[in-house]
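Commentary on secondary and tertiary structure
The residues making up each chain are set out below.
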Amino acid sequence: NWGVNMAADGELSGYAWGENIGWIRFCQTYGKPAVNTSDGAFSGHAWGENIGWISLNGSSPDYGVRTMAFDAAPQGTPHWWLDHHRVTENHDAGDGVPAWRKYVMDTDPNVIGDYLRITSISNSPAGTTTVAYTPASTRRYYTLKRREVLTDGAWSNVIGHIAVSGEGGEHIVQDDSGAASRMFYTIGVTTEP
């Protein structure tokens with residue numbers, strides 16, 4: 001019953017041992033210790049019975065400890081995330097979506113069908129198109145894109161729907177441009193705005 005564990009969102013829990021200071025407790029209830037899963041920077045506090053509270057995000061000294069876990073594999077997936085899910089970047093659960101893409105989508109690489117997708121598109125007589133997609137992670141940013149011809153031309157961003165933070169679950173957006181009688185849509189997702 002010892003060791004410091006990191007959850008997928010970077011929260012730390014458990015115990016560490018220091019030869020000169022004894023046990024150090026990482027507890028979400030009180031200190032909310034965490035590691036930023038993008039850059040490896042620590043935040044929050046840990047408790048040592050013999051030394052009291054330990055600030056993990058002080059600027060003097062800087063506790064920005066990093067390990068190779070925060071370095072990225074060739075497609076940009078952090079090693080900690082691959083280790084957490086016990087996969088390689090090219091792992092495919094059987095749905096044709098490799099693990100590195102599921103990292104970008106913030107979905108589980110071991111679950112078939114757990115990937116970002118448009119669930120519905122509907123048009124109104126007034127020229128408004130409503131697009132619903134899921135899952136919209138609170139840790140990702142989404143851009144609604146469109147084009148008139150599916151096989152030709154570049155996707156253009158829909159104004160007002162560029163790098164929008166996800167709200168969790170299904171997200172519904174509207175394209176009010178009404179520019180063409182036929183339009184194709186896709187959703188872009190990024191880990192940073």
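Residue numbers here run from 1 along each chain, matching the order of that chain's written sequence. Only residues with pLDDT of at least 70 are given local features in this predicted model, and only at 80 or more are side-chain atom pairs given and counted; all residues enter the totals for whole chains, interfaces and linings. The basis for every side-chain value is the complete set of heavy atoms in the structure, and neither hydrogens nor water enter the calculation.

**Here's the deal with the sheet that holds strand β8 (residues 117–123)**
Across a sheet, strands are paired by hydrogen bonds formed along the backbone, either parallel or antiparallel in direction. By the convention used here, strands pair only if DSSP detects at least 2 bridges between them. Secondary structure follows DSSP: runs of H or I at least 4 residues long count as helices, runs of E at least 2 residues long count as strands, and numbering of each begins at the N terminus. The three strands are arranged β8-β9-β13 in an open sheet whose pairing can be described as antiparallel. Where the open sheet ends on each side, the last strands, each with one partner, are β8 and β13 (171–175). Averaged over all neighbouring strand pairs, the angle between strand axes comes to 20°, with direction disregarded. Pairing of β8 with strand β9 (residues 129–134), which is carried by six bridges, proceeds in the antiparallel orientation. Each bridged residue has a counterpart across the sheet, and for S122 the counterpart in β9 is T130. In this description, a line fitted to the C-alpha atoms serves as the axis of each element, helices being fitted only across the stretch in contact, and the angle between N-to-C directions of two axes falls anywhere from 0 to 180 degrees.

**Section: the layout of surface pockets**
Empty space among the atoms becomes apparent when a probe as large as a water molecule is rolled across them. Here the largest pocket is characterised by a volume of approximately 300 Å³. Around the largest pocket, the lining is made up of 15 residues, and of these A8, T37, S38, R139 and R140 lie nearest the centre. The biggest single contributor to the lining of the largest pocket is helix α1 (residues 79–85), with three residues. Counted by class, the lining of the largest pocket contains five nonpolar, six polar and four charged residues. The distinction between a cavity and a pocket rests on a 1 Å grid over the protein atoms alone: a 1.4 Å probe fits inside a cavity but cannot get out, while a pocket stays open yet meets protein on both sides within 12 Å along at least five of seven lines, and a residue with an atom within 4 Å of a point counts as lining. Grid points are joined across faces, edges and corners, and a volume is the space filled by probe spheres set on the points. Residues were grouped as follows: Ala, Val, Leu, Ile, Met, Phe, Trp, Tyr, Cys and Pro as nonpolar; Asp, Glu, Lys and Arg as charged; and all remaining residues, including Gly, as polar.

**Considerations on the nonpolar core**
Among soluble globular proteins, nonpolar side chains are generally buried collectively. If you look at the biggest cluster of nonpolar residues, it comprises 14 residues, and the most contacted ones within it are L116, Y133, Y142, L144, Y185 and I187. Of all the secondary structure elements, the ones that give two or more residues to this core are β9, β10 (141–147) and β14 (184–190). By residue number, the principal contributor to this core is β14, which donates three residues. For the purposes of this section, nonpolar cores are sets of buried Ala, Val, Leu, Ile, Met, Phe, Trp, Tyr and Cys residues that join through side-chain atoms within 4.5 Å. Any residue under 20% of the maximum accessible area for its type is buried, any over 50% is exposed, and the rest in between are partly exposed; the area is computed with a 1.4 Å probe on protein chains only.

**Thoughts on a nonpolar patch on the surface**
Judged by side-chain polarity, Y15, W17 and W23 come together as a nonpolar surface patch covering roughly 350 Å² of accessible area. Relative to the helices and strands, W23 is located in strand β3 (residues 22–26). Patch membership needs two things, relative accessible area over 30% and no salt bridge, and members are linked within 9 Å if like-charged or within 5 Å if nonpolar (Val, Leu, Ile, Met, Phe, Trp, Tyr). Note on areas: Shrake-Rupley with a 1.4 Å probe; residue coverage comes only from the protein chains shown. Take a side-chain nitrogen of Lys or Arg and a carboxyl oxygen of Asp or Glu: if they are within 4 Å of each other, that pair is a salt bridge.

**Remarks on the pattern of salt bridges**
Oppositely charged side chains may form a pair once their charged atoms are brought near each other. By the definition in use, this model includes three salt bridges. D95 is the partner of K102 in a salt bridge, and the nearest nitrogen-oxygen pair spans 2.7 Å. Take K102: its relative accessible area is 0%, and that puts it in the buried class.

**Regarding the packing of aromatic side chains**
What counts as a ring pair is set by centres within 6.5 Å for rings of Phe, Tyr and Trp (its six-membered ring), and what kind of pair is set by the plane angle: stacked under 30 degrees, edge-to-face over 60, tilted for all other angles. Tallied over the full model, the rule gives five aromatic pairs. Taken together, a centroid distance of 5.3 Å and an interplanar angle of 70° make the contact between W81 and Y103 edge-to-face. Of this pair, W81 sits in helix α1 while Y103 sits in helix α2 (residues 99–105), placing them 22 residues apart in sequence. With respect to class, W81 is no different from Y103; both count as buried. Centroid distance Y133 to Y142: 5.4 Å. Interplanar angle 40°. Geometry classified as tilted. On the basis of relative accessible area, Y142 is assigned to the buried category, the value being 2%. Cluster of aromatic residues (ring-pair linked, three or more members): Y15, W17 and W23. Across the ring face of Y115, the terminal group of R117 is positioned such that the distance to the ring centre comes to 5.5 Å. Should the NZ of a Lys or the CZ of an Arg lie within 6 Å of a ring centre and within 35 degrees of the ring normal, that charge is described as sitting over the ring.

**Focus on unusual backbone geometry**
Backbone torsion omega between T134 and P135 reads -10°, so that peptide bond is classified as cis. Following the sequence through the fold, P135 ends up in the loop between β9 and β10. Phi angles above zero are rare outside glycine, and R86 is one such case at about 55°. Even without being glycine, D106 reaches a positive phi, approximately 60°. Inspection of the secondary structure puts D106 in the loop between α2 and β8.

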